[in-house]
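Okay, here's what each chain looks like letter by letter:
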Amino acid sequence: MNRCDSAPQAIQFKDNHGRGISYLRLSVTDRCNLRCRYCWNTSNYSFMPHDHVLRYEEMLALVTAAHDLGVRKIRLTGGEPLVRKGIADFLGMVAERHPDMSIRMTTNATLLAGQTRKLKANGLHALNISLDTLDASKFSAITGRDMFSRVMASIDEALDVGIKVKINVVAMRGVNDNELPGFLKLAQNKDLDVRFIEYMPMGEATGWNQSAYWSADDILAESQTLVSLTPVEYVGGSHGPARMFTMQGGRGRLGVISPLSNHFCGSCNRLRITSDGKLRPCLFSDREFRLRPLLRSPKMGKQQLLKVIRLAMQNKPLGYEILCRQREKVSVASRRMSAIGG
Ligand code: SAM
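Quick summary incoming for the structure in this document. (Residues numbered from 1 in each chain as written. Predicted model: local features only at pLDDT ≥ 70, side-chain atom pairs only at ≥ 80, totals over all residues. Heavy atoms only, no water.)

## Quick look at the overall build of the protein chain
Okay, so step 1: A count of helices and strands for the protein chain gives 11 helices and 14 strands.
Okay, so step 2: Put simply, the protein chain has 342 residues, and 55% of those count as buried.
Okay, so step 3: Across the protein chain, contacts joining residues at least 24 apart in sequence account for 74% of those joining residues at least 6 apart.
Okay, so step 4: A total accessible area of about 14900 Å² is found for the protein chain, and carbon and sulfur atoms account for 50% of it. (Helix = DSSP H or I, 4+ residues; strand = E, 2+ residues; numbered from the N terminus. Buried < 20%, exposed > 50% of the residue type's maximum accessible area, 1.4 Å probe, protein only. Contact = heavy atoms within 4.5 Å. Areas by Shrake-Rupley, 256 points an atom, 1.4 Å probe, with all protein chains shown as cover.)

This is the structure in structure tokens:
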């Protein structure tokens, strides 16, 4: 089996709900060169102080600790991971130390062109590229930047060098619901997956409102009027939160990710670490474990770090319980996505 297809198996740490934890999303920076309105809907931008952001050797120590506890898949995210200097070399360091780790990245791809070959050579297995529209002027309106053509060129470059690509589209009624045919065509014509993610009310400055919510079921129903879809059946293993479909005559596939309408908390295998070194066991829970002091204090050894990560893993909550409790509020978590890493 191709290493990219699923995370290599390891002895997995099980949490109190019996879920094996094998996947770490590591935010390497909270800085981003885009200003997506669904992510951080404000003109008042403030970033973490530089000395709060973990250094690469600290991140490597964290990845090693997670690996010791059975994590075999890591995703570098942000902010925008490619705005951080030296990210390709960091990726190479992770791959060299942990050759059995499946390494992926989530990026807006505006800075990707010219880097794909090096990223692949350094051990990158797959890319998730965020792209919410196929219209250049709408792209500028959503992201605040005129960089659409760079993203499209980067997608082709990544495919050309043989990197597996998934396109993540935040599904927004009134914004990109009229672009369903275009996105289906993209997945039909190119060897990539297009996955619609339900728009989530994350963080204080979210632009979320009920009328902008476009559910996964609606997306599938509307898609089925345009193409013939066949569900992808998975046999065993961890296959991520997306429901995937092949399309008649299509090279790529369509997927939906439904954190709000059809949660996948029962099989969630992931942990998140923010760029200031806070371990967040659940996207929807604001409970975080501060790892930076442990990494920076010479008195604290690796055993202490492992102890805290193990404790956090063990007590990973069921996100949908939090969602239910919080549904009266507009926002389901106090941190914005660019600070958590998506
Ligand atoms: N800068 C990178 C990128 O654009 O992919 C990585 C960070 S971004 C925060 C990670 C993912 O979170 C992106 O796919 C983005 O579309 C998604 N995201 C951000 N805010 C969201 C929201 N309110 N609802 C759903 N997805 C969101």
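After presenting the structure, the write-up continues.
## Points about the site of the ligand
Okay, so step 1: Every one of the 18 residues lining the ligand counts as a neighbour, but G79, E80, T106, S130 and M200 are closest to it.
Okay, so step 2: Contact distances for the ligand include 3.1 Å between a nitrogen atom and a backbone N or O atom of Y38.
Okay, so step 3: A distance of 2.5 Å separates an oxygen atom of the ligand from a polar atom in the side chain of S130.
Okay, so step 4: Considering the ligand on its own, with 550 Å² of exposed area, one finds that the protein chains cover 94% of that surface.
Okay, so step 5: Where the shell around the ligand is concerned, the elements lending two or more residues are strand 5 (102–107) and helix 11 (337–340).
Okay, so step 6: Taken together, the residues of the shell around the ligand break down into 6 nonpolar, 10 polar and 2 charged. (Near = heavy atom within 4 Å. Polar contact = N/O pair within 3.5 Å; in protein donor to acceptor, adjacent residues only side chain to side chain. Nonpolar A, V, L, I, M, F, W, Y, C, P; charged D, E, K, R; others polar.)

## Quick word on the pattern of salt bridges
Okay, so step 1: Evaluated as defined, the whole model comprises 18 salt bridges.
Okay, so step 2: Here E58 ties to R55 by a salt bridge, and the two come within 2.9 Å at their closest N and O atoms.
Okay, so step 3: Taking the shortest distance from any N to any O, the salt bridge between R253 and D193 comes out at 2.8 Å. Here the residue R253 occupies a position in strand 11 (residues 253–257), and D193 occupies one in strand 8 (residues 193–198), the gap between them amounting to 60 residues.
Okay, so step 4: Relative accessible area serves as the criterion here: at 7%, D193 is assigned to the buried category.
Okay, so step 5: Connected via shared salt-bridge partners are R55, E57, E58 and R296. (Salt bridge = Lys/Arg side-chain N within 4 Å of Asp/Glu carboxyl O.)

## Quick notes on empty space enclosed by the protein
Okay, so step 1: All chains considered together, the criterion is met by 1 cavity of 30 Å³ or more.
Okay, so step 2: Approximately 30 Å³ is the volume attributed to the largest cavity.
Okay, so step 3: Along the walls of the largest cavity sit R75, R104, A126, L127, N128, K164 and K166, which together make up its complete lining.
Okay, so step 4: Those elements that place two or more of their residues in the lining of the largest cavity are strand 6 (124–130) and strand 7 (164–171).
Okay, so step 5: Looking at the lining of the largest cavity, the element that brings in the most residues is strand 6, giving 3 residues.
Okay, so step 6: Split into classes, the residues belonging to the lining of the largest cavity amount to 2 nonpolar, 1 polar and 4 charged. (1 Å grid on protein atoms, 1.4 Å probe; cavity = no way out; pocket = protein on both sides within 12 Å on 5 of 7 lines; lining within 4 Å. Points joined across faces, edges and corners; volume = space filled by probe spheres on them.)

## So, the nonpolar core
The tendency in soluble globular proteins is for nonpolar side chains to be buried side by side.
Okay, so step 1: By size, the foremost hydrophobic cluster in this structure holds 95 residues, and its most contacted members are F90, I167 and F196.
Okay, so step 2: Looking at which element gives the most residues to this core, the answer is helix 1 (residues 56–68), with 7 residues.
Okay, so step 3: If sequence neighbours within four positions are ignored, I167 has contacts with I129, L131, I155, L186, L192, D193, V194 and R195. (Core = buried A, V, L, I, M, F, W, Y, C linked by side-chain atoms within 4.5 Å.)

## A look at the packing of aromatic side chains
Okay, so step 1: In total, this model carries 6 aromatic pairs according to the counting rule given.
Okay, so step 2: Measuring from ring centre to ring centre gives 6.4 Å for Y38 and Y199, while their planes differ by 80 degrees; the resulting arrangement is edge-to-face. Note that Y38 is positioned in the loop between strand 3 (23–27) and helix 1 and Y199 in the loop between strand 8 and helix 7 (216–224), a separation of 161 residues in sequence.
Okay, so step 3: By relative accessible area, Y38 is classed as buried at 14%.
Okay, so step 4: When the centroid spacing of 5.6 Å and the interplanar angle of 85 degrees are considered together, the rings of F183 and F196 count as edge-to-face. One end of the pair, F183, is in helix 6 (residues 180–189); the other, F196, is in strand 8, and 13 residues separate them in sequence. You'll find F183 and F196 in the same group, each marked buried.
Okay, so step 5: Ring pairing ties together the aromatic residues F183, F196 and W214, which thus form one cluster.
Okay, so step 6: Above the face of the Y23 ring, K73 is positioned so that its terminal group lies 4.3 Å from the ring centre.
Okay, so step 7: When the ring centre of Y56 is taken as reference, the NZ or CZ atom of R84 above it lies at 4.2 Å. (Phe/Tyr/Trp six-rings, centres within 6.5 Å; stacked < 30°, edge-to-face > 60°. Lys NZ or Arg CZ within 6 Å of the ring centre and 35° of its normal.)

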